[in-house]
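Chain residues, written in single-letter form:
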Amino acid sequence: MIAAVIVAARNRASGTIVAKSIAVRRMIIAALHPEISARRQTIRDNHGYFVRGAPPPPGVRLVRGQPLPRGYYGERLDNRALAHLPYYQGYEWRRMGGDVVLIAIGSGIVYEILDGVLN
């Protein structure tokens, strides 16, 4: 685990995290980004308010820092779920399949992806 975190820390500047499994990737993210880990735990603790959204269309890939694909905006979270997540003016939380995504309202640029948190 420690070696994986060191590799991830070296690749952090490029924005990539190298891991062979989703579980290891999530542990690395938790070690590097404690605020993301806290959001994941909040969603787990209040899972009754969070439900999966419709999966993205085939070929749609969400990339942090890039706009959402034209015509695809995911689904809004309801107010009960939003009450458990931080509010950022000009941004909105959306659900996309098993992911919760924070997007800029005006541009649709993906700011944060909590991948697989609703699985």
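Sequence positions are assigned chain by chain, starting from 1 and proceeding in written order. Given that the model is predicted, a residue must reach a pLDDT of at least 70 before its local features are reported, and side-chain atom pairs must reach 80 or more before they are shown or counted; all residues, however, enter totals for whole chains, interfaces and linings. With hydrogens and water stripped out, all remaining heavy atoms of the structure feed into the side-chain values.

Peer 1: Can you help me understand the sheet that holds strand β1 (residues 75–76) in this one?
Peer 2: Hydrogen bonds between backbone atoms are what pair the strands of a sheet, whose relative direction is either parallel or antiparallel. Paired strands are those between which DSSP finds at least two bridges. Only DSSP runs of H or I reaching four residues or more are called helices, and only runs of E reaching two or more are called strands; each is numbered from the N terminus. Reading across from one edge, β1-β2-β3-β4 is the order of the four strands in this open sheet, with antiparallel pairing throughout. Across the chains shown, the open sheet's two edge strands, defined by having one partner strand only, are β1 and β4 (110–114). Across four bridges, strand β3 (residues 99–104) lies against β4 in antiparallel orientation. Within β4, the position partnered with Ile 103 by the bridge is Val 110.

Peer 1: Would you mind going over the nonpolar core with me for this structure?
Peer 2: Generally speaking, nonpolar side chains in soluble globular proteins are found buried as a group. Definition of nonpolar core: a set of buried residues of the types Ala, Val, Leu, Ile, Met, Phe, Trp, Tyr and Cys, connected through side-chain atoms within 4.5 Å. Three exposure classes are used, based on accessible area relative to the maximum for each residue type with a 1.4 Å probe and protein chains only: buried under 20%, partly exposed in between, and exposed over 50%. With 11 residues, the main nonpolar core is built from Ile 43, Phe 50, Leu 77, Ala 81, Leu 85, Trp 93, Val 100, Leu 102, Leu 114, Val 117 and Leu 118. By definition, residues are in contact when any of their heavy atoms lie within 4.5 Å. Beyond its immediate stretch of four places on either side in the chain, Leu 85 contacts Ile 43, Phe 50, Leu 77 and Trp 93. If you look at the next biggest cluster of nonpolar residues, it comprises seven residues, including Leu 62, Leu 68, Val 101 and Val 110.

Peer 1: It is not clear to me how the confidence of the model for the protein chain should be interpreted in this structure. Could you clarify?
Peer 2: Should pLDDT be low for a region, the predicted coordinates there are not to be read in detail. Averaged over all residues, the pLDDT of the protein chain is 75; the fraction at 70 or higher stands at 70%. What pLDDT reports is the predictor's confidence in each residue, on a scale of 0 through 100. Strand β2 (residues 91–96) holds the highest mean pLDDT among the elements of the protein chain, 91, whereas helix α1 (residues 2–11) holds the lowest, 45. The model gives residues 1–14 a pLDDT under 50, and that stretch makes 15 contacts with residues more than four places away or in other chains.

Peer 1: Quick question: what am I supposed to make of the packing of aromatic side chains here?
Peer 2: Here a ring pair, both rings aromatic, is described through the centre-centre distance and the interplanar angle of the planes. For Phe, Tyr and Trp, rings pair up if their centres lie within 6.5 Å, where Trp contributes its six-membered ring, and each pair is then called stacked (planes under 30 degrees apart), edge-to-face (over 60) or tilted (otherwise). One pass over the full model with this rule turns up one aromatic pair. Relative to Tyr 111, the ring of Tyr 91 has its centre 5.5 Å away and its plane inclined at 55 degrees; by these criteria the two rings are tilted. Note that Tyr 91 is positioned in strand β2 and Tyr 111 in strand β4, a separation of 20 residues in sequence. On the basis of relative accessibility, which here comes to 32%, the residue Tyr 91 falls in the partly exposed class. Two conditions define a charge located above a ring, namely a distance within 6 Å from the ring centre to NZ of Lys or CZ of Arg, and an angle within 35 degrees of the ring normal. Geometry around Tyr 111 places Arg 64 over its ring, the cationic atom sitting 5.9 Å from the centre.

Peer 1: For this particular structure, what's the right way to read the pattern of salt bridges?
Peer 2: A side chain with one charge can pair with a side chain of the opposite charge if their charged atoms come near. Salt bridges, as used here, are contacts in which a Lys or Arg side-chain nitrogen is within 4 Å of a carboxyl oxygen on Asp or Glu. In total, this model carries five salt bridges according to the counting rule given. In this structure, Asp 78 engages Arg 80 in a salt bridge whose closest nitrogen and oxygen atoms are separated by 2.9 Å. By relative accessible area, Asp 78 is classed as partly exposed at 30%. The residue Arg 94 makes a salt bridge to Glu 92 at a minimum N-O spacing of 2.8 Å. In terms of burial, Arg 94 and Glu 92 fall into one category: buried. Taken together, the salt bridges that share partners define one network made up of Arg 76, Glu 92 and Arg 94.

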